[in-house]
Amino acid sequence: MDRRPRRYHSSSSSSSSSSSSRGSRSPSSAGKLQHGAVSDVPPIVGTCTLMCPEAERAQRERLGDLAPFERVNANPALSSPSIAVKKFCRTMTSKQVEPSDVRPPPVLEETLDYLLKLFDSRDYPFEVVHEFLFDRTRSIRQDLSMQCIVGEKAIHMYQKMVKFHIISLHKLRGCSSQNTSPMHHLNMEQLAKTLTSLFNLYDANRHSNSTYENEAEFCSFYVLLHLGSHSQPMGDSLSWWLSHVPSSLIKSKEMQFSRKILRYFRMGNYKRFLSTVSAEASYLQYCIIEPYIDEVRILAVSCINSCGYKLHPYPLSHLSKILIMEESDLESFLKSCGLQICTGEGHNMLLSKQTTFCHPKDGSQNYRFWGMEQFKS
């Protein structure tokens, strides 16, 4: 079976004692790694050496059921082993499948790497790219589940798939299509499930107070997914979840950052929230935080408008620094909030105590965040 992932041991004795008693961080235990169901059927040992079993490829060619990426010369009825990728099958179980239909870990790794190379493809709109990768990565998780693969290879693959879903949050927000809302919802749903499985893999392989390379980063993603008034992505309360996280992870810079961001958001401390995101967020962390940036900006403008002195307009040059946005974007943003801008001494100013303030009717336009160029994967 796979080699164990690299572990890091904390010197804290308290971490060791809490680790032995904490159990799994989610309701699913090691025997429920993928879908929360324990099966008595022995795991399959996959023997398929291709990205897509030959029988499936032939059937989908006959039915014309080929994704754009799987077509030879754009022919919807012709594919090849080098581009066809096994589809996710909702009704497939270990009892119904043959070993020749299941891909072993090395083939799954190659398939995932192939799929992720398509992630930045400009041959098709991102909605098309995402739909293909979304389905085919679910199929990879399904094959891992049926074979009960829980070692290093599985952990690395799950980490890559979590990152795919997180980056998709950002890319889907940038799509011009009006039909991405269902895709965004499904992407969030599968992100939560994939992250749950990753945490269960960590716990299933954990010994004493060990932690895994990059585990703190993935824990920070889970905390950030709780931004928003009703966000509880995996069913458990965040406080309960945090009580089961090793202390060495709690003390990591990634977790300290995510907990600060969550605290500032809930307190309404817009200045600390925006400045901390600008100074400390990684690209992946920013992809999760991004939907809340303009929400915090709206709060900031509301506070400044209601609390400022009517005879002392607020300079836009100063406000743009607080909101981490270009002044030209700021003018448009303020107008969408129903606020007027005046000019004084050669500078644009925001008048205070305006009674016309309102939340943008169609939501925010996803205004740029200063320093966006630093957020690159």
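Use the structure listed above.
Criteria and cut-off values
- Residues numbered from 1 in each chain as written.
- Predicted model: local features only at pLDDT ≥ 70, side-chain atom pairs only at ≥ 80, totals over all residues.
- Heavy atoms only, no water.
- Phe/Tyr/Trp six-rings, centres within 6.5 Å; stacked < 30°, edge-to-face > 60°.
- Helix = DSSP H or I, 4+ residues; strand = E, 2+ residues; numbered from the N terminus.
- Buried < 20%, exposed > 50% of the residue type's maximum accessible area, 1.4 Å probe, protein only.
- Lys NZ or Arg CZ within 6 Å of the ring centre and 35° of its normal.
- Pairing = 2+ DSSP bridges.

(A) Broad picture of the packing of aromatic side chains. This model, assessed by the stated rule, comprises 14 aromatic pairs. Pairing Tyr-222 with Trp-241 gives two aromatic rings, centres 4.2 Å apart and planes at 45°, and the pair type is tilted. Taken together, the residues Tyr-222 in helix α7 (residues 215-224) and Trp-241 in helix α8 (residues 238-243) connect sequence positions 19 residues apart. Side by side, Tyr-222 and Trp-241 carry an identical accessibility label, which is buried. Consider the rings of Phe-265 and Phe-273, whose centres lie 5.9 Å apart with planes at 50°: the pair is tilted. Comparing Phe-265 with Phe-273, the two get one shared label, buried. An aromatic cluster is defined as three or more aromatic residues linked by ring pairs; in this entry it consists of Phe-199, Tyr-202, Tyr-212, Tyr-222 and Trp-241. Looking at Arg-138, its charged tip hangs above the ring of Phe-88, at a distance of 4.0 Å from the centre.

(B) View of the pairing of strand β5 (residues 347-350). Pairing geometry for strand β3 (residues 314-315) and β5, over two bridges, is antiparallel. By the bridge assignment for β5, Pro-315 is matched with Met-349. By the bridge criterion, four bridges tie strand β4 (residues 341-344) to β5 in an arrangement that is antiparallel. By the bridge assignment for β5, Ile-341 is matched with Leu-350. Remark: two residues form the turn of the hairpin made by β4 and β5, two consecutive strands paired antiparallel; Glu-345 in that turn has positive phi of roughly 55°.

(C) Representation of α7 within the structure. Across the 10 residues that make up α7, a large majority, 10, are buried. Regarding α7, the residues found buried are Glu-215, Ala-216, Glu-217, Phe-218, Cys-219, Ser-220, Phe-221, Tyr-222, Val-223 and Leu-224.

(D) View of the sheet that holds β4. Spatially, β3-β5-β4 is the arrangement adopted by the three strands of the open sheet, whose pairing is antiparallel. Whereas interior strands pair on both sides, the edge strands pair on one side only; in this sheet they are β3 and β4.

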